[in-house]
Amino acid sequence: MATTSPLLHSIDDPRNQNPTLIHIPETSFIPTNDASSSSSLVLLKVPPKLPLSALSSSYIIGSSNEKPATLVSESSGTSYTLFRVETSNAFLLVPPSCDSSRMTAHLLGKGGETSFLECQFRPLPRQALLDIMKRYVFGESDGIATKELIRELQCSKKQVLEGLTDIKALEVTSEKFVLLKEELSWDVKSAVVDSCVEMGWIDDDDEKVDLEVVIKEANLRFAGGSGGYNLELDERFLRIAMMDLGCVTDDNNVVFDTDKIALYFAHTLLRERSPYPMKDFLQTWHTRLPGAHTAAPPLSVLAGLALVEKDSV
């Protein structure tokens, strides 16, 4: 992992008097009689939306036989795959007439070959992140550090953290994460939903419930879950569960979403019986829904939950 040089220069620099010339101050070079002193110069074509200032705090994760090099900009929270582009154009380094370093004019590039690096935005490889995290499971592993994921996935810290949130990873210690087993994740959600229904929080749309109160009530109903886990639910578990049940506001209040609660009960039915005849499923689903649903919710809330066989419609 290499850090980019702070000595960055752009064709957009106002000192450039010609659109094909880049002004490079003498201070960017180590005085030497050897023309190879400029061998570390690299021409980089960057996306228009990536400012030069973002490159000054970036670093490069080196290439391997399987992966090309990646430029990671932490200030912009983005990453870019680097591709070497061969060109027939010549890049000529021309010192001023009063050059005190006595560097001679010469072509950039080794052996007369000329090329530049081009940046292509690199999205977080979500499936690769998920595959890695499956090796780090709650109760079986101490977790994997964010910096290791950055190196493995060749993405910025912001991208990695957003990806970890998206796959509902749990932060076990400072910047170390694990995945919850499916059954444990379900048991936590069940404890939260049971609390929501029994306490009547779902009866009033948009009702805000203090996060600590939800944690306390959920713990009363969790009791280790079906797996007999010896743990007490805390804010980390609740925030993960609420991604599927509603949201946690900035002032640490919980707001339950009636459609998401309806989706939870639909999922419960399919865990009990699958396949499920459509008519029977809809009737049972409606009877399971808590009081806030005076009418059956739209079927659109079930999108992505299951496949429907035509014969069962």
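Treat the numbers as computed from the prediction; the structure is a model and nothing was measured.

(A) Broad picture of the overall build of the chain. Across its full length, the chain holds nine helices and 14 strands. For the chain, buried positions account for 39% of its 313 residues. Restricting to contacts in the chain with at least 6 residues of sequence separation, those with at least 24 account for 61%. When the accessible area of the chain is evaluated, it comes to approximately 18600 Å², of which 52% is carbon and sulfur surface.

(B) The sheet that holds strand β11 (residues 176-178), seen in detail. Read from one edge of the open sheet, three strands run β9-β11-β10, paired in antiparallel fashion. In this open sheet, the two edge strands, each paired with only one partner strand, are β9 (144-145) and β10 (170-173).

(C) A look at the pairing of β10. Of the pairings in the sheet, the one linking β10 to β11 comprises three bridges and is antiparallel in character. Bridge pairing links T173 to K176 in β11. Taken together, β10 and the strand that follows it, β11, pair antiparallel across an intervening segment of two residues, in which E175 is found at a positive phi of about 60°.

(D) Seen up close, the environment of S156. Here S156 lies in the loop between α3 (146-153) and α4 (157-166). Between the alpha carbons of S156 and S73 there is a distance of 6.6 Å; along the sequence they are 83 residues apart.

(E) Quick peek at the packing of aromatic side chains. Within this structure, the stated rule accounts for seven aromatic pairs. Ring geometry for F138 versus F237: centroids 5.7 Å apart, planes at 85°, classification edge-to-face. Placement of the pair is F138 in the loop between α2 (126-133) and β9 and F237 in helix α7 (residues 235-242), with a sequence separation of 99 residues. You'll find F138 and F237 in the same group, each marked buried. Here Y276 and F281 contribute two aromatic rings whose centre-to-centre distance is 5.7 Å and whose plane-to-plane angle is 75°, an arrangement assigned as edge-to-face. Pair check on accessibility: Y276 and F281 agree, each one buried. In textbook terms, an aromatic cluster arises when at least three aromatic residues are bridged by ring pairs, as seen for W186, Y264 and F265. The ring of W186 has R271 lying over it, and the distance from NZ or CZ to the ring centre is 4.3 Å. The ring of Y276 is capped by R273, whose NZ or CZ atom sits 4.7 Å from the centre of that ring.

(F) Structural context of the pattern of salt bridges. Considering all chains together, one arrives at twelve salt bridges under this definition. Of the charged contacts, one joins K181 and E140 as a salt bridge, the two residues approaching to 2.7 Å between their closest N and O atoms. Here E140 lies in the loop between α2 and β9 and K181 lies in the loop between β11 and α5 (182-198), a separation of 41 residues in the sequence. Residue class for E140 comes out exposed when judged on its relative accessible area of 56%. Salt-bridge contacts for E272 lead to R288; the nearest nitrogen and oxygen are separated by 3.1 Å. Here E272 is found in helix α8 (residues 258-272), whereas its partner R288 is found in helix α9 (residues 278-288), with 16 residues between them in sequence.

(G) Inspection of the side chain of Q159 at higher detail. Residue placement: Q159 occurs in helix α4. Here R122 takes part through its backbone oxygen, which lies 3.0 Å from a polar atom of the side chain of Q159. Beyond its immediate stretch of four places on either side in the chain, Q159 contacts G77, T78, S79, F121, R122, P123 and L124.

(H) The nonpolar core, seen in detail. Counting residues in hydrophobic clusters, the biggest one holds 43 residues, and the most contacted among them are V192, F256 and W285. Within the residue set of this core, elements represented by two or more residues are α5, α6 (211-222), α7, β14 (253-256), α8 and α9. Not counting residues up to four positions away in its chain, the partners in contact with F256 are V192, C196, W201, I202, V214, M242, L245, G246 and I261. One finds L130, L153, C155 and F177 within the second-largest nonpolar core, a separate group that totals 19 residues.

(I) Structural detail: α2. Turning to α2, its buried residues are L129, L130, I132 and M133. Here the buried residues of α2 occupy an arc of 160° about the axis, which is enough to place them on one side. Summarising the contacts, the buried residues of α2 are in contact with β9, α3, α4 and β11.

(J) Structural detail: the packing of α5 against α8. For the pair α5 and α8, interaxial distance at closest approach is 11 Å and the crossing angle is 125°. The angle between the axes of α5 and α8 places the two elements in the oblique class. The hand of the α5/α8 crossing is left-handed. Contacts between α5 and α8 involve E182, E183, W186, K189, S190, V193 and V197 from the first element and I261, Y264, F265, H267, T268 and R271 from the second. Of the residues assigned to the contact of α5 with α8, the class counts are six nonpolar, three polar and four charged.

Quick notes on the rules
- Residues numbered from 1 in each chain as written.
- Predicted model: local features only at pLDDT ≥ 70, side-chain atom pairs only at ≥ 80, totals over all residues.
- Heavy atoms only, no water.
- Helix = DSSP H or I, 4+ residues; strand = E, 2+ residues; numbered from the N terminus.
- Buried < 20%, exposed > 50% of the residue type's maximum accessible area, 1.4 Å probe, protein only.
- Contact = heavy atoms within 4.5 Å.
- Areas by Shrake-Rupley, 256 points an atom, 1.4 Å probe, with all protein chains shown as cover.
- Pairing = 2+ DSSP bridges.
- Phe/Tyr/Trp six-rings, centres within 6.5 Å; stacked < 30°, edge-to-face > 60°.
- Lys NZ or Arg CZ within 6 Å of the ring centre and 35° of its normal.
- Salt bridge = Lys/Arg side-chain N within 4 Å of Asp/Glu carboxyl O.
- Polar contact = N/O pair within 3.5 Å; in protein donor to acceptor, adjacent residues only side chain to side chain.
- Core = buried A, V, L, I, M, F, W, Y, C linked by side-chain atoms within 4.5 Å.
- Arc of directions from axis to C-beta.
- Axes fitted to C-alpha atoms, helices over the stretch in contact; angles between N-to-C directions.
- Parallel < 35°, antiparallel > 145°, perpendicular 65-115°, else oblique.
- Left-handed = near helix turned anticlockwise from the far one by under 90°.
- Nonpolar A, V, L, I, M, F, W, Y, C, P; charged D, E, K, R; others polar.

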